[in-house]
Amino acid sequence: QALLSGKVASLLPIGVVQLEGDFAKGDLIEIRSEAGEGLGLGLASYAATTALERIGKKNQPPIVHYDHLFLYDK
């Protein structure tokens, strides 16, 4: 919801419910809704293993910072 609000927002671990695949820091990753709809693309701030440890936790650095986030125009 935060990403679709129209306000500047990063992809935070607290808002992530699932990760698929393996990625490294700096890789381009696809961001999807819970329904599987493609929302956009972004550069990963850290690797998938670290992201998995942080999913659902507050006060964590963003998985994708807003400076490196592209959301599709819908």
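Residues numbered from 1 in each chain as written. Predicted model: local features only at pLDDT ≥ 70, side-chain atom pairs only at ≥ 80, totals over all residues. Heavy atoms only, no water.

Novice: I'd like to hear about the overall build of the chain, residue by residue, with values.
Specialist: Per the secondary structure count, the chain includes 1 helix and 3 strands. Counting from the amino terminus, the chain carries its helices and strands in the arrangement β-β-α-β. For 74 residues, the compact-globule formula gives about 11 Å, and the C-alpha radius of gyration of the chain, at 11 Å, lands near that figure. Referenced to the eigenvectors of the C-alpha coordinate spread, the extents of the chain come out at roughly 30 × 25 × 25 Å. Expressed as a percentage of its 74 residues, the buried residues of the chain come to 28%. Contacts in the chain between residues far apart in sequence, at least 24 positions, make up 53% of those at least 6 positions apart. Accessible area of the chain: about 5200 Å², with a carbon and sulfur share of 51%. (Helix = DSSP H or I, 4+ residues; strand = E, 2+ residues; numbered from the N terminus. Rg over C-alpha atoms; globule rule 2.2 N^0.38 Å. Buried < 20%, exposed > 50% of the residue type's maximum accessible area, 1.4 Å probe, protein only. Contact = heavy atoms within 4.5 Å. Areas by Shrake-Rupley, 256 points an atom, 1.4 Å probe, with all protein chains shown as cover.)

Novice: Before we move on, can you summarise the pairing of strand β1 (residues 28–32) with the specific residues and values?
Specialist: Where burial is concerned, the two faces of β1 differ: the one with I29 and I31 is buried and the one with L28, E30 and R32 is not. Pairing geometry for β1 and strand β2 (residues 38–43), over 5 bridges, is antiparallel. Directly across from L28, in β2, lies its bridge partner L43. Connecting β1 to the next strand, β2, in antiparallel fashion are 5 residues, including G36 with a positive phi near 95°. (Pairing = 2+ DSSP bridges.)

Novice: Tell me about the layout of surface pockets, residues and numbers included.
Specialist: Of the volumes computed, that of the largest pocket is approximately 880 Å³. Along its surface, the largest pocket is lined by 25 residues, and V16, Q18, I31, R32 and S33 are the ones closest to its centre. A class-by-class count of the residues in the lining of the largest pocket yields 14 nonpolar, 6 polar and 5 charged. (1 Å grid on protein atoms, 1.4 Å probe; cavity = no way out; pocket = protein on both sides within 12 Å on 5 of 7 lines; lining within 4 Å. Points joined across faces, edges and corners; volume = space filled by probe spheres on them. Nonpolar A, V, L, I, M, F, W, Y, C, P; charged D, E, K, R; others polar.)

Novice: Can you tell me about the environment of G15, naming the residues and giving the values?
Specialist: Of note, G15 is situated in the segment before β1. The spacing of G15 and L3 is 12 residues in sequence and 9.6 Å in space, taken between C-alpha atoms.

Novice: Which residues make up the sheet that holds β2, and what values go with them?
Specialist: With respect to topology, 3 strands assemble into an open sheet ordered β1-β2-β3, the strand pairing being antiparallel. At either end of the open sheet lies a strand with only one pairing partner, and these are β1 and β3 (69–71). Strand-to-strand, the axes of this sheet are offset by a mean angle of 20°, without reference to chain direction. In the sheet, β2 pairs with β3 via 3 bridges, with the strands oriented antiparallel. Among the inter-strand pairings, L41 is bridged to a residue of β3, identified as F70. (Axes fitted to C-alpha atoms, helices over the stretch in contact; angles between N-to-C directions.)

Taken by themselves, the reported measurements are silent on function.
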